[in-house]
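Observations on the model geometry
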Amino acid sequence: MSNNFIFTPNNNCEYPIYTSACVGNNGNPNILYYAEGFASAANHLIEISLKCLGEFPPDIAVYPICFNMRHSVELYLKGYISFVEELATIKKIKIGLTIDIMKAHDLNKIWKYLTTNHAILDKRLINEANQISPYIKCFGDIDATGQTFRYPYDNENNKHLTKQSIINIMHLGKNFKELKEKLNIFYYFHEHIIEEYKTRSFTKNLSRYDLKNIAQELPQYYLWKKPETSFDAKFNDLTQKYQISRNELSKAINIIKNHYEFGYFIGIVPPLIDFSEDEFYFFIDKWYQVNNLDYIYNNSGSFIIDSLDLADTNEENIKNVSSKLNEGLEKKVKIGEISNELVNSVKVGTIINIHTLYYFSRECTYSEEYSQSYLYYEEDCKRAIKKSINHMLHKTILLPELVISLLRLSQKKIAFNLMEKYALKNYIKKQLESRKINIPIILE
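Residues numbered from 1 in each chain as written. Predicted model: local features only at pLDDT ≥ 70, side-chain atom pairs only at ≥ 80, totals over all residues. Heavy atoms only, no water.

A few words now on the overall build of the protein chain. Each helix and strand in the protein chain was counted, giving 19 helices and 0 strands. In terms of overall size, the protein chain is more extended than a compact globule, its C-alpha atoms giving a radius of gyration of 30 Å where 444 residues would be expected to give roughly 22 Å. Overall, the protein chain is about 85 × 80 × 40 Å in size when its C-alpha atoms are taken along their principal axes. Counting over 444 residues, the protein chain shows a buried share of 42%. Computed over 53 positive and 53 negative side-chain charges, the inter-centroid distance for the protein chain is 5 Å. (Helix = DSSP H or I, 4+ residues; strand = E, 2+ residues; numbered from the N terminus. Rg over C-alpha atoms; globule rule 2.2 N^0.38 Å. Buried < 20%, exposed > 50% of the residue type's maximum accessible area, 1.4 Å probe, protein only. Lys, Arg positive; Asp, Glu negative; His and termini not counted. Charge placed at Lys NZ, Arg CZ, Asp CG, Glu CD.)

The structure is reproduced here in structure tokens:
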């Protein structure tokens, strides 16, 4: 604990807990925290100045307001630098410009570094950067190095802002709020790009997004060798459209052919790992013996467990509690019996898949994560196969979650068989809509 009496009281209990800020390793704030802090401070200072013109007029408020704004912009840009460096590492690409993130303060130079490397790494970043460029130029023109609003004179004793004369803080606040929103969007867009590239579905010049578009432009695989398809002409068109070599396009097509999501567009879908379809259906039938789908069939859209008031001594409630407890015990016994049967009739690979698919549904963003998830759960399932089976049999929402995962992995036949047998299609559609998951298969 610091002994700095200005920043740290002798007894924290002297003040309300909400007046203390968590800093350093206590909360581990990243650069976005700092950027948000300076940006919010600037916006609040504008509000205070406009409300208290006599006490805090724009003539003196403008300097801390603009300093906070400008420093916030610098921090956002430096946050983007770390993303650029991480993306270059993932893609194994040498970046076009380098910069010392600790010593760099010139907004114009930082922005040039970013836009130059954005163009090398992923063209989508340039499209987003173009939305911000005019704002960065304005800040760069008036205060490139962060000195203009800190001191009245520069290092050569020249007075700052001699060409500006007027700054309207209301107009400034309006434009800065627009910029702050764009900076936040761009920050999270960088995060999204990084996660996308971590799937390893890319080539030197093509992103995962490009691969998906190419897959949608390709004809069905079984037509590729037919003369009337003119596949060679399509191949050449794609190399020209994406400005890539024939070799790179061949690499892209190989990725597509082995991809759960993109392979669907050309009619090739890789099988699930060590998976038996018959054993899978057998497991689901057994699961259905100890679970029901009433929460789907009654159109509630979600599973709701009836609450039991154990403190209510009403005779009817006591009977209800007793009945529910007996049902629970009966289910537990039945699950134990079914588990013993499934251990001997379903291979480990199918059980690992059921475990993987259940959690994949809500925990994974990309289809590439299926293989990683399978390996993650493989050891636990093999070590305690019966425990894993028991665990899955207790999952009341197991079936719809499995169907959603199967759809996301383009396992159309299995998913549609289950939706038809258990009348799940409308429920699944609603779930996909609520989770904002777009799956072409379900729309056919």
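This part covers the environment of isoleucine 136. Looking at where isoleucine 136 falls in the secondary structure, it is placed in helix H5 (residues 133–143). Spatially, the C-alpha atoms of isoleucine 136 and asparagine 108 are 7.7 Å apart, while their sequence positions differ by 28 residues. Setting aside chain neighbours within four positions, we find isoleucine 136 in contact with Val73, Leu77, Leu107 and Trp111. (Contact = heavy atoms within 4.5 Å.)

This part takes up unusual backbone geometry. Its identity is not glycine, yet lysine 92 carries a phi of approximately 55°, on the positive side. Positionally, lysine 92 belongs in the loop between helix H2 (58–91) and helix H3 (107–121). A relative accessible area of 72% means that lysine 92 is categorised as exposed. In this model, asparagine 157 sits at a positive phi of 65°, which is unusual for a non-glycine residue. Considering the arrangement of structural elements, one finds asparagine 157 in the loop between H5 and helix H6 (169–197). The exposed category is assigned to asparagine 157, whose relative accessible area is 58%.

Note on placement: asparagine 68 falls in helix H2. Judged by its relative accessible area of 11%, asparagine 68 falls in the buried class. Separated by 2.8 Å, the side chain of asparagine 68 and the backbone oxygen of proline 64 make a polar contact. For asparagine 68, the contacting residues outside a window of four places in its chain are Phe38, Ala39, Ala41, Ala42 and Leu45. (Polar contact = N/O pair within 3.5 Å; in protein donor to acceptor, adjacent residues only side chain to side chain.)

As a further point, take helix H15 (residues 385–393). Looking at H15, one finds that the buried residues are Ile385, Ser388, Ile389, Met392 and Leu393. Along the axis of H15, the buried positions cluster into a sector of 135°, meaning they face one direction only. (Arc of directions from axis to C-beta.)

What follows is about the nonpolar core. One finds Val73, Leu77, Tyr80 and Leu114 to be the most contacted residues of the largest nonpolar core, which totals 50 residues. Only helix H1 (31–51), H2, H3, helix H4 (123–129), H5 and H6 provide two or more residues apiece to this core. Looking at this core element by element, the count peaks at 16 residues for H2. Each residue touching leucine 77, except ones within four places of it in the same chain, is listed here: Leu107, Ile110, Trp111, Leu114 and Ile136. In terms of nonpolar packing, the next biggest core, distinct from the first, is built from 49 residues, Tyr358, Ile414, Leu424 and Tyr427 among them. (Core = buried A, V, L, I, M, F, W, Y, C linked by side-chain atoms within 4.5 Å.)

So, about the packing of H1 against H6. In a pair of packed helices, the angle between the axes and the distance between the axes together describe the arrangement. At a minimum axis distance of 10 Å, the contact between H1 and H6 shows a crossing angle of 160°. The angle between H1 and H6 falls in the class roughly antiparallel. As for how H1 packs across H6, the hand of that crossing is left-handed. Residues Ile31, Leu32, Glu36, Ala39, Ser40, Asn43, Ile46, Glu47, Ser49 and Leu50 of H1 lie in contact with H6, whose contacting residues are Ile169, Met170, Gly173, Phe176, Lys177, Lys180, Asn184, Tyr187 and Tyr188. Split into classes, the residues belonging to the contact of H1 with H6 amount to 10 nonpolar, 5 polar and 4 charged. (Axes fitted to C-alpha atoms, helices over the stretch in contact; angles between N-to-C directions. Parallel < 35°, antiparallel > 145°, perpendicular 65-115°, else oblique. Left-handed = near helix turned anticlockwise from the far one by under 90°. Nonpolar A, V, L, I, M, F, W, Y, C, P; charged D, E, K, R; others polar.)

Our focus in this paragraph is the side chain of serine 207. Structurally, serine 207 is set in the loop between H6 and helix H7 (208–217). Assessed through its relative accessible area of 2%, serine 207 is described here as buried.

Attention shifts here to the state of the cysteines. Tallying each qualifying case throughout the model produces 0 disulfides. Residue cysteine 52 stays outside any disulfide, its sulfur separated by 18 Å from that of cysteine 66, the closest cysteine. Residue cysteine 52 is classed as partly exposed on the basis of its relative accessible area, which comes to 29%. (Disulfide = S-S within 2.5 Å.)

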